Amino acid sequence: QTEIPQTNTHTKRLTHLPPLLPPLLSSLTQTSPPPFFQSSQNKPITAAMPEAPKPTQTSNGLTTIAIAEKNKRTLQFIEDVTSNPDDVQTQVLHEILSRNSAVEYLHHRHRLHGATDRRTFKKLLPVISYEDIHPDITRIANGDTSPILCSSPISEFLTSSGTSAGERKLMPTIAEEMERRSLLYSLLMPVMSQFVPGLEKGKGMYFLFIKSESKTPGGLPARPVLTSYYKSSHFKNRPFDPYTNYTSPNETILCPDSYQSMYSQLLCGLCQRTQVLRVGAVFASGFIRAIRFLEKHWQLLCRDIRSGTLDPTVITDPAVREAVLTKVLHRPDPELADFVESECRKDSWQGIITRLWPNTKYVDVIVTGTMSQYIPTLDFYSNGLPLVCTMYASSECYFGVNLNPLCKPSEVAYTLIPTMAYFEFLPVHRNNNNGVSNSISMPKSLNEKERQELVDLADVKLGHEYELVVTTYAGLYRYRVGDVLRVAGFKNRAPQFNFICRKNVVLSIDSDKTDEVELQGAVKNAVDAHLVAFGGSVAEYTSYADTKTTIPGHYVLYWELSVKGTTAIPPSVYEDCCLTVEESGTFDKLMDYAISLGASINQYKTPRCVKFEPIVELLNSRVEGSYFSPKCPKWVPGHKQWSNNVKN
Ligand code: AMP
């Protein structure tokens, strides 16, 4: 394995690589930048498709041939970068390190001194987690604009759904990363169109939302990556493209009030029902929320469709009103209202998606990872339409795409696009927990031997599991993303990965990721605040993400309480419950169950989260009392210590 391009042949091969990035980004192309998608010979592709479609005009004036040509170039780009992943990765690392050679982190702290080769990089740079760069992040958040991690200015922070000490992680990003994210998005529909032709002839009904954002003390926006993307000109001012032609006008997506946003997006989706060819949301949970919203509010929606107006008490946002009334809800449509009413009134909502949107070919939602819990519900509502997981991405970096999108959810494999970042892989050694725990524990920091075990993208082995480590253009170096992936196959020479799990995460309902440490902390806080005074403590606990009985779902915590104090815990019912739970020994029963599956008593460790149905049933059968939190928790966007939290 050549790590440093020393030989002439190697260097020569590098010059024949396809462009890594869109022209704007490419620092390698000194002369006039080539068109973004080129063949591996660097010649623009002019040949017609083998089976040339007739040049019919779409509503936007693009011919089907033009679309097919564009798709072909995109697919060729994927061929090119997956054919030489190792060379592309060498080049990406070289580019990242040469641009950032003078930044504090690389030059002063880890003394890279301008080296851009893999060997030196791997020798000098530690493999890190968020906590390691927390002080740097805090400096940047507080307004230090010196080049600490990245030579380009940090344009904003992306708030990851992962947390650190109870606060959202802040991922630094730079303006040009938006181009890279756009690039990944641009790959999705050409891939999809190989399997489902004709998608350019209709629309996508996607439920997309922004979330509230805040500013750091230094004035940088802090918001989720999708909020950043939807608010950017890349999204808002996108040129007409049949593949980003959605039923939701931008104004409905950008509405900060989630109720009005959902209502107006559903209304627009219903009004354009026959044009809808695909439906979706980012995660499965978001799509199911939309269906549940429809279940609750179809009467109101039908009233607006019937009258051709928007109820002024429901939709108050002027931009949403104007967009919906001028672009979608042009006239009263009693016929449509009657139809929607008759469908929604039926006892069963099975197949409601195909009934209301009869031309839908697939449901585009992520159902890999923790979202797999929603597959049965989606199957029910969609009458078994294909569930399509198109991409794998995070706040740190967008990673890859699913090149076989119609495969079963359990077989989804993402091909990491080697131009997105420099990827490394830390082998994962699993502990067998007899299926009662879904958590994979990983060492917090790595010793020298473990650091040397990291392998490159081109060297991962089929069937092996790895934790993903990235080095990004925005200033993360050998950063542990926290996801565990398994090599499922290869596209050309680039590996494809099943998403296995997020390490240490035990609870997740939406995009939340509660790990064992956080769960432990939450239990401790509650005990310290409420039980200790009475000498009460929690002897054992476990938890369960209940996504079936309520939408949105909720966490169920099973506590086994022990009370040692002399003062009785009022009210007496609660005390009785505590004592009964303690005496009933639910967790002993859980241990019995695990042991019956073959676990040794010595190794038995109460799982902090359970999923397996019989175990949940067993826990429920021993419950002596249940309590729900009586009101919404207090929450403000941004970090607690920032005083200037703003809303949108
Ligand atoms: P965030 O940092 O909040 O943007 O969340 C990113 C994380 O979401 C990833 O690191 C994964 O754990 C998870 N995720 C993103 N895409 C997928 C996917 N296609 N399948 C499963 N999990 C995903």
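Going by an unreviewed UniProt entry, the chain carries the name Indole-3-acetic acid-amido synthetase GH3.6 and comes from Linum tenue. In its Sequence similarities (unreviewed entry) section, the UniProt entry covering the chain states "Belongs to the IAA-amido conjugating enzyme family."

Q: Sorry if this is basic, but what is going on with the packing of aromatic side chains here?
A: To describe a pair of aromatic rings, one takes the distance between the centres and the angle between the planes. This model, assessed by the stated rule, comprises 18 aromatic pairs. Seen from their ring centres, tyrosine 105 and tyrosine 477 are 5.5 Å apart, and the 15° between their planes marks the pair as stacked. Taken as a pair, tyrosine 105 in helix H4 (residues 104-109) and tyrosine 477 in the loop between strand S14 (465-471) and strand S15 (479-491) lie far apart in primary sequence, 372 residues in all. For tyrosine 105, a relative accessible area of 3% translates into the label buried. A centroid spacing of 5.9 Å and a plane angle of 50° characterise the contact between phenylalanine 207 and phenylalanine 287, whose relative ring orientation is tilted. Of this pair, phenylalanine 207 sits in strand S3 (residues 203-207) while phenylalanine 287 sits in helix H12 (residues 284-307), and the two are 80 residues apart along the sequence. Feature note: the residues Tyr185, Tyr229, Tyr230, Phe235 and Tyr398 constitute an aromatic cluster, connected by ring pairs. Note that arginine 180 overlies the ring of tyrosine 473, its terminal NZ or CZ placed 3.5 Å from the centroid.

Q: Please explain the site of the ligand as it appears in this structure.
A: Of all residues adjacent to the ligand, which total 16 residues, the nearest are Ser161, Thr368, Ser395, Tyr414 and Asp483. Residue methionine 391 places a main-chain N or O atom 2.9 Å away from a nitrogen atom belonging to the ligand. Here a nitrogen atom of the ligand sits 2.9 Å away from a polar atom, N or O, in the side chain of tyrosine 414. Calculation on the ligand without its partners gives an accessible area of 500 Å², and the protein chains cover 91% of this total. No other element matches strand S9 (residues 391-393), which puts three residues into the shell around the ligand. Tallied by class, residues from the shell around the ligand come to seven nonpolar, five polar and four charged.

Q: Sorry, what's going on with the sheet that holds strand S13 (residues 455-456) here?
A: Where strands meet in a sheet, backbone hydrogen bonds hold them as pairs that are either parallel or antiparallel. Read across the open sheet, the eight strands follow the order S9-S10-S11-S16-S15-S14-S12-S13; overall the sheet is antiparallel. Looking along the sheet, the strands with just one partner apiece sit at the ends: S9 and S13. Pairing between strand S10 (residues 398-402) and strand S11 (residues 414-416): three bridges, direction antiparallel. From the neighbouring strand, valine 401 faces S11, where its bridge partner is threonine 415. Of the strands in this sheet, strand S12 (422-427), S14 and strand S16 (494-502) touch helix H3 (residues 85-99), which is tilted by about 110° from S12.

Q: How should the confidence of the model for the chain be read in this particular structure?
A: Low pLDDT marks regions whose predicted coordinates should not be analysed in detail. On average, residues of the chain carry a pLDDT of 80, and 72% of them reach 70 or more. When the criterion is pLDDT under 50, residues 577-584 qualifies, and its contacts beyond four places in sequence or with other chains add up to 15 contacts. Contacts for the low-pLDDT stretch residues 598-604, under 50 throughout, to residues beyond four places or in other chains number eight contacts.

Q: Looking at this model, I keep getting lost on the pairing of S16. Mind explaining?
A: When a strand is regular, its side chains alternate between the sheet's two faces. Within S16, eight of the nine residues are buried, leaving the element largely enclosed by the surrounding structure. When S11 meets S16, the two strands line up antiparallel, connected through two bridges. Along S16, the bridge assignment pairs tyrosine 414 with phenylalanine 497. Here eight bridges tie S15 to S16, and the two strands are oriented antiparallel to one another. Of the residues in S16, the one forming a bridge with leucine 485 is phenylalanine 499. Once S15 ends, the chain turns through two residues before running back antiparallel as S16, passing asparagine 492 with a positive phi of about 50°.

Q: Even after reading the chapter, I still don't get the environment of leucine 170, so can you show me in this structure?
A: Note on placement: leucine 170 falls in strand S2 (residues 167-174). Separated by 40 residues in sequence, leucine 170 and tyrosine 130 have C-alpha atoms that sit 8.9 Å apart. Once you skip the residues sitting within four places of it in the chain, leucine 170 turns out to touch Tyr130, Ile137, Phe157, Leu158, Thr159, Ala222, His639 and Trp642.

Q: I keep staring at the sheet that holds strand S6 (residues 276-283) and nothing clicks. Help me out?
A: Strand order in the open sheet made by the four strands is S3-S6-S7-S8, with parallel pairing throughout. Every other strand in the sheet has two partners, leaving S3 and strand S8 (387-388) as the edge strands with one partner each. Examined bridge by bridge, S3 and S6 share five bridges and lie parallel to one another. By the bridge assignment, tyrosine 206 is partnered in S6 with glycine 280. Relative to S3, helix H11 (residues 258-271) is tilted by about 160°, and along the sheet it contacts S3 and S6.

The rules behind the values
- Residues numbered from 1 in each chain as written.
- Predicted model: local features only at pLDDT ≥ 70, side-chain atom pairs only at ≥ 80, totals over all residues.
- Heavy atoms only, no water.
- UniProt positions renumbered as here; feature names shortened; annotations may be inferred.
- Phe/Tyr/Trp six-rings, centres within 6.5 Å; stacked < 30°, edge-to-face > 60°.
- Helix = DSSP H or I, 4+ residues; strand = E, 2+ residues; numbered from the N terminus.
- Buried < 20%, exposed > 50% of the residue type's maximum accessible area, 1.4 Å probe, protein only.
- Lys NZ or Arg CZ within 6 Å of the ring centre and 35° of its normal.
- Near = heavy atom within 4 Å.
- Polar contact = N/O pair within 3.5 Å; in protein donor to acceptor, adjacent residues only side chain to side chain.
- Areas by Shrake-Rupley, 256 points an atom, 1.4 Å probe, with all protein chains shown as cover.
- Nonpolar A, V, L, I, M, F, W, Y, C, P; charged D, E, K, R; others polar.
- Pairing = 2+ DSSP bridges.
- Contact = heavy atoms within 4.5 Å.
- Axes fitted to C-alpha atoms, helices over the stretch in contact; angles between N-to-C directions.
- pLDDT = per-residue confidence, 0-100.

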